[in-house]
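Each chain is listed here by its residues.
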Amino acid sequence: MKKVDVLLGLQWGDEGKGKVVDVLTPGYDVVARFQGGPNAGHTLEFDGKKYILRSIPSGIFQGGKINVIGNGVVLDPILFKEEAVSLAESGYDVMNQLYISKKAHLIMPTHRILDAANESAKGTGKIGTTGKGIGPAYTDKISRNGLRVGDLLHDFDKKYAAAKLRHENMLRAMNYGYNIAELEREWFKALEYLKKFSFIDSEHVVNEFIQDDKSVLAEGAQGAMLDIDFGSYPFVTSSSTICAGCCSGLGIAPRNIGDVYGIFKAYCTRVGSGPFPTELHNEIGEEMCERGHEYGSVTGRKRRCGWIDLVALRYAIMINGVTKLIMMKSDVLDTFDKINACVAYRINGEEATKFPFEVTEIDVEPIYTEIDGWNTDMTKMKSENEFPEEFNAYLSFLEEELGIPIVIVSVGPDREQTITREEDQSNNPTFIS
């Protein structure tokens, strides 16, 4: 019986998970998304085209693969329809390749309005939500007031009316003005499109895949440092972004987890508010932003940029049980003479190597190790044999600091700009994608 491999981000999201899923999918029968909502855009580039996925698993581009939207996901019918129609127009068989869990929750029009109202009420303490209604949808889920995909098959109109009335009472109490008519019309039209897809009891189906010896890749959204429990709270997302979230978001037992692929950038980025100890407020940070095209694929928001943070990265590796690492956007650092890596924090005058409980209210000074840059264009390289000596030294430094092999290196946004490392210095098993 094969185990489920998990792929997730180890930083504050935007690590390049979509591209890696697309690259790995040929080795799997099934790709299943286990959490998150349409605020998480996975960008993929190949054959001269760029695609952005918000809810549909990134395995949809590989023909003949089964794709599952799991119960841990919150789904906006309007955005889902836009995404699915665009894929279908590009020639992808979305209708027959995609299955949706009956237990996935629906984002209602009033969830979007509540999101805006809640954020407005925070004033200067805004979290930086994308305004997609994801937080309120998860709130309803936890408070046992949510609407699920499966409800479309059982007395839906009555359930929707009750949920909408509840939200309207909340908005009235907040004295927040809104107009829902057009959004609601569009939402109901999108629901009719959604009904054309196969709704499944995903926990049964995924476990049957496992029993039938099918290989399953579980795809996460956002990043470990945005996890609702272990991220930089309260500047986090509303779901469990870590490996444990795969079990609850798909209904699989922990014993059925196999390899855990942790994805990280060669540097760090973050969108919106929240602590970012290694952020660079200078021309180096601006250069990273421009070279890395660090703008949100869904929101268009500019990402904050900084050096790699190994304190946070070691923490993310620990809580996820990462077995293999994948480094993205190595090429963004191609022009730097020197590269810094944060190996510890200085907090209240003392050195700390463990990620602290609170980062927002204390002064955290990063302690850096300086490494020689490689000053080489890596974007056209096809194998690790072409890597500059300085880049190999950077990889070795990271592997020694993190204790996990880096098995894949990305040197550009395209599917083809992905290099599998055949062997690492610590005699870890060869990885074949």
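Attention here is on the structure that accompanies the text. This structure is a prediction, so every number in the text was calculated from the model and none was measured.

The rules behind these values
Residues numbered from 1 in each chain as written. Predicted model: local features only at pLDDT ≥ 70, side-chain atom pairs only at ≥ 80, totals over all residues. Heavy atoms only, no water. Buried < 20%, exposed > 50% of the residue type's maximum accessible area, 1.4 Å probe, protein only. Helix = DSSP H or I, 4+ residues; strand = E, 2+ residues; numbered from the N terminus. Pairing = 2+ DSSP bridges. Phe/Tyr/Trp six-rings, centres within 6.5 Å; stacked < 30°, edge-to-face > 60°. Salt bridge = Lys/Arg side-chain N within 4 Å of Asp/Glu carboxyl O. Patch = residues over 30% accessible without salt bridge, like charges linked within 9 Å, V, L, I, M, F, W, Y side chains within 5 Å. Areas by Shrake-Rupley, 256 points an atom, 1.4 Å probe, with all protein chains shown as cover. Lys, Arg positive; Asp, Glu negative; His and termini not counted. Charge placed at Lys NZ, Arg CZ, Asp CG, Glu CD.

## A short note on the pairing of strand β10 (residues 216-219)
Move 1: Where burial is concerned, the two faces of β10 agree: the one with Val216 and Ala218 and the one with Leu217 and Glu219 are both buried.
Move 2: In this sheet, β10 lies alongside strand β2 (residues 30-33) in parallel orientation, the contact comprising four bridges. Residue pairing across strands places Val30 opposite Val216, the latter belonging to β10.

## A closer look at the packing of aromatic side chains
Move 1: This model, assessed by the stated rule, comprises 15 aromatic pairs.
Move 2: Taken together, a centroid distance of 5.1 Å and an interplanar angle of 25° make the contact between Tyr160 and Trp187 stacked. Of this pair, Tyr160 sits in helix α6 (residues 156-173) while Trp187 is found in helix α7 (residues 181-194), placing the two residues 27 residues apart along the sequence. You'll find Tyr160 and Trp187 in the same group, each marked buried.
Move 3: An angle of 40° between the planes, with centres 5.7 Å apart, marks the rings of Trp374 and Tyr394 as tilted. Of this pair, Trp374 sits in the loop between β18 (364-372) and α12 (389-402) while Tyr394 sits in helix α12, and the two are 20 residues apart along the sequence. Per residue, the accessibility class of Trp374 equals that of Tyr394, and both read buried.
Move 4: One aromatic cluster is present, built from ring pairs that chain together Phe156, Tyr160, Trp187 and Phe188.

## What to know about the pattern of salt bridges
Move 1: The tally for this structure, following the rule as stated, stands at 23 salt bridges.
Move 2: With its nearest N and O atoms 2.6 Å apart, the salt bridge here joins Asp22 to Arg415. With Asp22 in helix α1 (residues 17-24) and Arg415 in the loop between β19 (406-410) and β20 (418-420), the pair connects residues that are 393 residues apart, well separated along the chain.
Move 3: Of the residues examined, Arg415 reaches a relative accessible area of 22% and is grouped as partly exposed.
Move 4: In this structure, the salt-bridge partner of Lys159 is Asp151, at a minimum N-O distance of 2.9 Å.
Move 5: Residue classification places Asp151 among the buried positions, given a relative accessible area of 10%.
Move 6: The structure contains a network of salt bridges with shared partners spanning Asp14, Lys265, Glu294, Arg303 and Lys329.

## Concerning a negative patch on the surface
Move 1: Taken together, the side chains of Asp29, Glu208, Asp212 and Asp213 present a region of like negative charge at the surface.
Move 2: Its place among the elements puts Asp29 in the loop between α1 and β2.
Move 3: Overall, the relative accessible area of 31% leaves Asp29 in the partly exposed class.

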